[in-house]
Amino acid sequence: MAVPTRDRAAALDAFVAGGAGSLLWMNSHPRLAFADTPNGGATRGDFGIGLECPTRAEAGVVVFDVDSFVSECRASLGERRPQLAIRELVERAVAAPGAIDDAIGGPTKGGFQTLHRSPELTVLQFVWPPAVVLFPHDHRMWAAIGIYGGGEDNTFYRRVPDRIEVSGGKRLEAGDVALLGTETIHSVSNPHRQYTAAIHVYGGDYFGTPRSQWDSSGNEEPFDVEAVRRTLAEADARAAEADGRSESGSVAP
Ligand SMILES: [Fe+2]
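Peer 1: Please clarify how the sheet that holds strand β3 (residues 111-118) should be interpreted in this entry.
Peer 2: Pairing between sheet strands relies on hydrogen bonds along the backbone, with the strands arranged either parallel or antiparallel. Read from one edge of the open sheet, five strands run β3-β4-β11-β6-β9, paired in antiparallel fashion. Both outer strands of the open sheet, β3 and β9 (177-180), are each paired with one neighbouring strand and no more. Here the strands of the sheet are splayed against their neighbours by 15 degrees on average, with no regard to which way each runs. In this sheet, strand β11 (residues 196-202) lies alongside strand β6 (residues 143-149) in antiparallel orientation, the contact comprising six bridges. The residue of β11 that forms the bridge with Ala143 is Tyr202.

Peer 1: When you look at helix α3 (residues 82-94) in this model, what are you seeing that I'm missing?
Peer 2: Owing to its 3.6 residues per turn, the α-helix aligns residues three or four sequence positions apart on the same side. Here α3 is 13 residues long and its end C-alpha atoms lie 18 Å apart, about the 18 Å a rise of 1.5 Å per residue gives. Taken together, the buried positions of α3 are occupied by Pro82, Gln83, Ile86, Arg87, Leu89, Val90, Ala93 and Val94. Buried residues along α3 cover an arc of 165 degrees about the axis, so they all sit on one side. Where α3 is buried, its residues contact α2 (66-76), α4 (97-104), β6, β9 and β11.

Peer 1: Help me understand the packing of α2 against α3, please; the structure alone is not making it clear to me.
Peer 2: The packing of two helices is summarised by the inter-axis angle and the distance between the axes. Running from amino to carboxyl end, α2 crosses α3 at an angle of 160 degrees, the nearest separation of the two axes being 8 Å. The orientation of α2 relative to α3 falls into the category roughly antiparallel. The handedness of the crossing between α2 and α3 comes out as right-handed. Listed contacts from α3 to Phe69, Glu72, Cys73 and Ser76 of α2 are Pro82, Ala85, Ile86, Leu89 and Ala93. The class makeup of the residues in the contact of α2 with α3 is seven nonpolar, one polar and one charged.

Each value, and the rule that gives it
- Residues numbered from 1 in each chain as written.
- Predicted model: local features only at pLDDT ≥ 70, side-chain atom pairs only at ≥ 80, totals over all residues.
- Pairing = 2+ DSSP bridges.
- Helix = DSSP H or I, 4+ residues; strand = E, 2+ residues; numbered from the N terminus.
- Axes fitted to C-alpha atoms, helices over the stretch in contact; angles between N-to-C directions.
- Expected span 1.5 Å × (residues − 1).
- Buried ≥ 20, exposed ≤ 12 C-beta atoms within 10 Å, placed from the backbone.
- Arc of directions from axis to C-beta.
- Contact = placed C-beta atoms within 7 Å.
- Parallel < 35°, antiparallel > 145°, perpendicular 65-115°, else oblique.
- Left-handed = near helix turned anticlockwise from the far one by under 90°.
- Nonpolar A, V, L, I, M, F, W, Y, C, P; charged D, E, K, R; others polar.

In structure tokens, the structure reads:
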């Protein structure tokens, strides 16, 4: 059985044909409820079908477990080129977006969630609001960027005397994983009207490594993670306004 499916009729058919678990609805998408899935507080009775819920493993459902994912990434750090092994881990993870949603919540608001931080590895969930544009910045460590919902446009830059200039670009869509090198400078935008969700794995301490960002005039400045938060929050507010919602997510009168 395909779990989860985003097709209501197909989900109902599969359930009635003998599917495991209870069917419920989250964010307008049908999901099956399992005994070990948070389901955003919903319960097995929410869809009015009183079957006993199995665990996800019992039902053969792909599970994203943060601790297991981080452990596998950390185990890969001992390899000669850990970023290649970690790219495969990220590819496997983003192939099951529903499992990630179940583990850490769906992408409903711009921001980032730290799933792991250590001197040699950082794992983040990043959510890009619709139409957000994040200024150019570098990482000074390799990164594996995996998209599991929506898409993002990357613009790449190279250093020239006293400034940076555009050197290329790449669009990533759901299921894509990009490896960025230690010298990469990029800006990121969300070309879609939906939230874009991604898993980022960095080969170092994302928050504790001194690095750079560039302002709209091309001036190089120390990287400021609070500027990232502000950029995301401003885009969130614009998206809410465009949707006729307040920033809390409720529908404006
Ligand atoms: Fe970046």
